[in-house]
Each structure stands twice: as C-alpha cells, then as structure tokens.
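Tertiary structure, described
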Amino acid sequence: MTGMTASATIASRVAALTERIHSAATAAGRVPSEVRVLLATKTQDTDGIAQAIDAARAHELSVLVGENRVQELVAKAGYFAGLRTDIHLIGPLQSNKVNAALAALAAATHAAGRACIQTVDSASLARRLASRCQGNAPLDVMIQVNTAMDEFKRGIEPALLPNLAEEIANHPTLRLVGLMTIGPRSRDRDVTTAAFESLRTLRESLIDRGHAHARELSMGMSGDLDLAIAAGATIVRPGTAVFGSRPTV
Ligand SMILES: *Cc1c(COP(=O)(O)O)cnc(C)c1O
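These figures come from a predicted structure and were not determined experimentally.

Basis of the calculations
Residues numbered from 1 in each chain as written. Predicted model: local features only at pLDDT ≥ 70, side-chain atom pairs only at ≥ 80, totals over all residues. Heavy atoms only, no water. Disulfide = S-S within 2.5 Å. Buried < 20%, exposed > 50% of the residue type's maximum accessible area, 1.4 Å probe, protein only. Near = heavy atom within 4 Å. Polar contact = N/O pair within 3.5 Å; in protein donor to acceptor, adjacent residues only side chain to side chain. Areas by Shrake-Rupley, 256 points an atom, 1.4 Å probe, with all protein chains shown as cover. Nonpolar A, V, L, I, M, F, W, Y, C, P; charged D, E, K, R; others polar. Core = buried A, V, L, I, M, F, W, Y, C linked by side-chain atoms within 4.5 Å. Contact = heavy atoms within 4.5 Å. Helix = DSSP H or I, 4+ residues; strand = E, 2+ residues; numbered from the N terminus. Pairing = 2+ DSSP bridges. Right-handed = clockwise from strand over helix to strand, strands pointing away. UniProt positions renumbered as here; feature names shortened; annotations may be inferred.

Next up on the list: the state of the cysteines. Evaluated as defined, the whole model comprises 0 disulfides. Counting only cysteine sulfurs, cysteine 133 is the nearest neighbor of cysteine 116, a cysteine outside any disulfide, at a range of 12 Å. Here cysteine 116 falls in the buried class, since its relative accessible area comes to 2%. For cysteine 133, a relative accessible area of 14% gives the class buried.

Shown next, in the form of structure tokens:
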C-alpha cells in the first residue's frame, strides 16, 4: 500500500470512529467531548501514528497515545515527545521494567502532556513505582480491574480494589486518577455492558471513600467502545478501528 492510500484509510477510519463516538455519547445523553480517545499504537510506525493524530485533531477529538510494551515505549519516546500529548502505558508492567518505563514516560512528556500508568494491579508494583518516581509532580496511575473475572486477563479482583487504592493513596509520589479494564471477550452485549457498569460502580465507591481524583474510566476498545461510552467511559482505547488489523505476533 502506498503512503497516500494508507493515510486516506486512516483518515477515513478516524472519521468513522468520530461518528461512532458522537452517536454513542449522544444516545447516552453525554457530551462527546467528555470522551477522550487513546490511540492504542502498539506495532504502529510513526508515520501511521502521525496520520492518526492529525486526523483525530482535525475532528476535534481529544487524543492521547497508549503503548503496551515498555520496549516499544522506550523506542518511541523521542517521537512521542514531539506529539506534545499525554502518553499512557496500557500493557502489563513487570517490576524489572519499572525504571525503563518511568524514564521513557518522563522523556515522552517532558515538554508537554502528562504520563500515566493504567495497569497498576498489585501493592508491590505500586510500592515500586512510588519509590522510583522522582518528578516534581506525582505520577498519575490507574488501577486495572479484572471486571470480567477472566483468569487469563490482568487486573485485580474487584474485592481487592479498596486496599490497593489505599496503598496508592499512602504514597505522595503517586496519584490515583481512575480505573481501567479490558472488556470480556463475550459477544453478548449484556455481559460486556455489565463489566463496564461494574467498573463505573467501583469508581463511584472509590470517590465515596475519598479518592477524589479517581475520576477516569478507561474502557472500550475497537469492538466495544460504544458500549463503554454508554456505561460512562472517559477514555476509550481504539487500535484496529484506527490503524486496521495488526500483523499477528
Ligand atoms: C491492543 C489494545 C487495545 C486496542 O485494541 P483494538 O481491539 O485493536 O482496538 C486497547 N487496550 C489495550 C490494553 C490493548 O492492549
């Protein structure tokens, strides 16, 4: 495929995505601009990412970038810095990669934008992040919750959420800004909606417990972002809906 064809395709996919977001938000009585669009850029090259960002900004979407793998985040950090946008880690973080992840996030957002790690799922990871981050402002983190109770997925059990939120609140170098989940694989819309609504309920209970900054709900990927918006998503995470199908790895 030539560069021009690829960019036309990304632009038309972003146009279609904008339509989806607008109609899902409007149907739910929400303002479309309440929903930020995190581009899931794993395996994408910088040309494609640039085209997607330009197209999203042209549609006045509030756009940010999420990477899954620390190695890829490290490789793209210099490029991301030039985008002047928020950069989030949305994949699992192993403790031996914490230093590399923090350095890459800091580099990617040094001029503008905020960094966030969406995938905190244990007290030990929270403690390690807290002891290693040393910016002037606290590091934004989200807790990944296994709302689908799917044994193959990452994220903590909902029952353990209050304790992990407390752990994070005890560290002045961390700021809990919300919750993240990966929807169930089910094709049953009711099952998916139930998972997203449970994340929203969990967020309400965190706010009631005094975690006042925990407002974000990062949920919904290409296949289920409409349901996530209906359930209150503040960040949706499309990948293939913008970039087309990824090469299988
Ligand atoms: C890959 C990925 C996405 C995007 O998935 P698509 O189905 O391509 O939209 C979103 N969130 C996470 C955590 C991912 O790993």
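Having seen the structure, we can now continue with the description.
In the vicinity of the ligand, the contacting residues are Ala40, Lys42, Asn68, Ile90, Met180, Met221, Ser222, Arg237, Pro238, Gly239, Thr240 and Arg246. Between the ligand and threonine 240, the relevant distance is 2.8 Å, taken from an oxygen atom to a main-chain nitrogen or oxygen of the residue. Taken by itself the ligand offers 390 Å² of open surface, and the protein chains cover 89% of this. Split by residue class, the shell around the ligand holds 5 nonpolar, 4 polar and 3 charged.

In terms of nonpolar packing, the biggest core is built from 67 residues, with Ile117, Leu129 and Ile143 touching the most fellow members. Setting aside residues no more than four positions away along its own chain, leucine 129 makes contact with Leu93, Val98, Leu102, Ile117, Val120, Leu139, Val141 and Leu174. In this structure, Ala40, Leu64, Ile90 and Met180 belong to the second largest nonpolar core, which totals 9 residues.

We now examine the pairing of strand S2 (residues 63-67). Each regular strand carries side chains that alternate between the two faces of the sheet. Summarising burial for S2: 5 of the 5 residues are buried, a large majority. The alternating pattern of S2 places Val63, Val65 and Glu67 and Leu64 and Gly66 on opposite faces, both of which are buried. One ladder, built from 4 bridges, connects strand S1 (residues 36-40) with S2; its direction is parallel. When the bridges of S2 are listed, leucine 38 appears paired with leucine 64. With 3 bridges joining them, S2 and strand S3 (residues 87-89) adopt parallel strand pairing. By the bridge assignment, valine 65 is partnered in S3 with isoleucine 87. A crossover connection joins S2 to the parallel S3 through helix H3 (residues 70-83); in handedness this β-α-β unit is right-handed.

As a further point, take the UniProt feature "modified residue: N6-(pyridoxal phosphate)lysine" (unreviewed entry) in the protein chain. The sites that carry the UniProt feature "modified residue: N6-(pyridoxal phosphate)lysine" (unreviewed entry) are, in the present numbering, Lys42. Inspection of the secondary structure puts lysine 42 in the loop between S1 and helix H2 (46-58).

In this section: the side chain of aspartate 86. Along the chain, the position of aspartate 86 falls in the loop between H3 and S3. A distance of 3.1 Å separates polar atoms of two side chains, one belonging to aspartate 86 and the other to arginine 36. Engagement of the side chain of aspartate 86 in a polar contact is seen with the backbone nitrogen of arginine 114, the distance being 2.8 Å. Other than its neighbours up to four places away in sequence, aspartate 86 contacts Arg36, Leu64, Val65, Gly113 and Arg114.

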